[in-house]
Amino acid sequence: MAHTATIGSQEVLCGEDQPVLSAFLRAGVWMPNSCNQGTCGTCKVRVVRGEVDHRDSPTDTLTHEERGQGLALACQATLRSDIEVQTLGGVAGCSTHPLRDLTATVVANEPIARDTRRLLLALPEPLGFHAGQYVELVVPGSNVRRQYSLVNTAEEDTVLELHVRSVLGGVATEGWIFAGLAEGDEVAVSGPLGDFFLPPAAEDEGGPLVLIGGGTGLAPLVGLVRTALARHPGRRVLLYHGVRGSEDLYDEERMAELARLHPGFTFVPVLSDEQPAPGSTHRSGFPTDCFIEDVQSARGWSGWLCGPPPMVEAGVKAFKRRRMAPRLIHREKFIPASD
Ligand code: FES
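Residues numbered from 1 in each chain as written. Predicted model: local features only at pLDDT ≥ 70, side-chain atom pairs only at ≥ 80, totals over all residues. Heavy atoms only, no water.

**Concerning the UniProt feature "domain: FAD-binding FR-type" (unreviewed entry) in the protein**
Argument step 1. Here the UniProt feature "domain: FAD-binding FR-type" (unreviewed entry) sits at residues 99-199.
Argument step 2. Measuring from the first to the last C-alpha atom of residues 99-199 gives 19 Å, for a span that is 5% helix and 46% strand. (UniProt positions renumbered as here; feature names shortened; annotations may be inferred. Helix = DSSP H or I, 4+ residues; strand = E, 2+ residues; numbered from the N terminus.)

Here's what the structure looks like:
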């Protein structure tokens, strides 16, 4: 039986097995969210009226004590009655781009680096989103959904660009995207999701940004950088791309072109397992260490991290060491999805 969920003055209808977060986002009502898998805790809400079913909410993310205090993970909980929720902080209840399901058509699926492909998906109609958000793809013939960050800026809303790295034994990668997904094939897409995006243009004063991406963690940073530079063409922007070896690098020319247009923008490819070739602009080591070497004070900067959890955690430490305010540190962790 459907019930209603309320936050502030916004009331939405929530289907019987529909997580409350999905109901709000599909109605275009913003709720903080990041992983949508029950692992990050970003969507935690306080249920001030009514009752929820926590379903598979992991106890690591939502402890028994928190359940007793009336907290719930909005991305997991379904409704047992009409409910009213409050967020634990941050903005919620305002309007946002609605979460939608669309059928896209593959227009390109091309190798761009070792075990990495660029997937271009044409949409039947424009999708509203913020640069840096992600979409979910549904593996055909299954309920398996996989999350991929959008490379696009918000204006590039009809052909989605995704960067996909192959995962050993991966249902979506080895079993599908790297196994014959071809131009003309249809793909079920849901989005937008996630909170990894810039503040509204009116609140963006053009301060400096540093962004660190590991592997295909570069993907959302490309859209964020282009959006940030379009708003303030002269701002300082440092983008580090950490990979194992030079065969893992891609889109260097795209970044070089951006640097030619914007002298305040610097792109730094960093190789962890290989010495850079003589004369190349590549650095060796870890991108977080390069940032520490390059920037003595990041007071007033905002920081953006996307990639494997150890890299993201190292980045948070590096940013704090250089005096970046914690509220200006944004992170998107690549957490392996469960089937
Ligand atoms: S735990 Fe719900 S969005 Fe991450």
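**A look at unusual backbone geometry**
Argument step 1. Cis rather than trans, the peptide bond between Gly191 and Pro192 has omega equal to 5 degrees.
Argument step 2. With respect to the element layout, Pro192 can be found in strand 13 (residues 186-193).
Argument step 3. Not every positive phi belongs to a glycine, and Asn36 is a case in point at roughly 55 degrees.
Argument step 4. Along the chain, Asn36 falls in the loop between helix 1 (20-26) and strand 3 (44-49).
Argument step 5. Look at Arg323: it is not a glycine, yet its phi comes out positive at around 70 degrees.

**As for the pattern of salt bridges**
Argument step 1. Counted according to the given criterion, the structure contains 23 salt bridges.
Argument step 2. Residues Arg80 and Glu51 are paired through a salt bridge, measuring 3.3 Å at the closest nitrogen-oxygen approach. You can see Arg80 sitting in the loop between strand 6 (78-79) and strand 7 (83-87) and its partner Glu51 sitting in the loop between strand 3 and strand 4 (52-53), a full 29 residues away along the chain.
Argument step 3. We note a salt bridge from Arg226 to Glu156, for which the minimum N-O separation is 2.8 Å. Pair noted here: Arg226 is in helix 4 (residues 218-231) and Glu156 is in the loop between strand 11 (145-149) and strand 12 (159-165), with a separation of 70 residues, a long-range link.
Argument step 4. For Arg226, a relative accessible area of 18% gives the class buried.
Argument step 5. A residue is classified by how much of its surface remains accessible, and Glu156, at 32% relative accessible area, is partly exposed. (Salt bridge = Lys/Arg side-chain N within 4 Å of Asp/Glu carboxyl O. Buried < 20%, exposed > 50% of the residue type's maximum accessible area, 1.4 Å probe, protein only.)

**Side note on the packing of aromatic side chains**
Argument step 1. As enumerated under the stated definition, the model contains three aromatic pairs in all.
Argument step 2. Between Phe196 and Trp304, the ring centres sit 5.4 Å apart and the planes meet at 70 degrees, which makes this aromatic pair edge-to-face. Note that Phe196 is positioned in the loop between strand 13 and strand 14 (209-214) and Trp304 in strand 18 (residues 302-307), a separation of 108 residues in sequence.
Argument step 3. For Trp304, a relative accessible area of 1% puts it in the buried group.
Argument step 4. Relative to Phe319, the ring of Phe291 has its centre 5.1 Å away and its plane inclined at 80 degrees; by these criteria the two rings are edge-to-face. Placement of the pair is Phe291 in helix 6 (residues 287-294) and Phe319 in helix 7 (residues 309-321), with a sequence separation of 28 residues. In terms of burial, Phe291 and Phe319 fall into one category: buried.
Argument step 5. In this structure, Arg117 is placed above the aromatic ring of Phe178, and the distance from its NZ or CZ to the ring centre is 5.3 Å. (Phe/Tyr/Trp six-rings, centres within 6.5 Å; stacked < 30°, edge-to-face > 60°. Lys NZ or Arg CZ within 6 Å of the ring centre and 35° of its normal.)

**Some words on the domain arrangement of the protein**
Argument step 1. Each assigned domain of the protein is listed here: domain 1 (3-87), domain 2 (100-193) and domain 3 (201-333).
Argument step 2. Its C-alpha centre places domain 1 at a distance of 27 Å from the equivalent point of domain 2.
Argument step 3. Between domain 1 and domain 2, the residue contacts involve eight residues of the former and six residues of the latter.
Argument step 4. A buried area of about 460 Å², summed over both sides, lies between domain 1 and domain 2, and 34% of it is on carbon and sulfur atoms.
Argument step 5. The tally of links from domain 1 across to domain 2 stands at one salt bridge. (Domains from an automatic or database assignment. Contact = heavy atoms within 4.5 Å. Buried area = accessible area lost by both parts, 1.4 Å probe.)

**Describing the packing of helix 4 against helix 5 (residues 252-261)**
Packed helix pairs are characterised by how far apart their axes lie and by the angle those axes make with each other.
Argument step 1. Put simply, helix 4 and helix 5 touch, their axes get as near as 12 Å, and they point 15 degrees apart. By the criterion of interaxial angle, the relationship of helix 4 to helix 5 is roughly parallel. Classified by chirality, the crossing of helix 5 by helix 4 is left-handed. Residues Val222, Val225, Arg226 and Leu229 of helix 4 pack against Arg254, Met255 and Leu258 of helix 5.
Argument step 2. Class assignment for the residues of the contact of helix 4 with helix 5 results in five nonpolar, no polar and two charged. (Axes fitted to C-alpha atoms, helices over the stretch in contact; angles between N-to-C directions. Parallel < 35°, antiparallel > 145°, perpendicular 65-115°, else oblique. Left-handed = near helix turned anticlockwise from the far one by under 90°. Nonpolar A, V, L, I, M, F, W, Y, C, P; charged D, E, K, R; others polar.)

**Examining the sheet that holds strand 15 (residues 237-243)**
Argument step 1. Taken in spatial order, the six strands of this open sheet run 17-16-15-14-18-19, and their pairing is parallel. The sheet is open, and its two borders are formed by strand 17 (283-284) and strand 19 (329-333), each paired with just one other strand.
Argument step 2. Pairing between strand 16 (residues 265-271) and strand 17: two bridges, direction parallel. Across the sheet, Val270 pairs through a bridge with Arg283, a residue of strand 17.
Argument step 3. Along the sheet face, helix 5 touches strand 15 and strand 16 and points at about 155 degrees away from the line of strand 16.
Argument step 4. Its contacts with the sheet put helix 6 on strand 14, strand 15, strand 16 and strand 17, and the angle it makes with strand 15 is roughly 150 degrees. (Pairing = 2+ DSSP bridges.)

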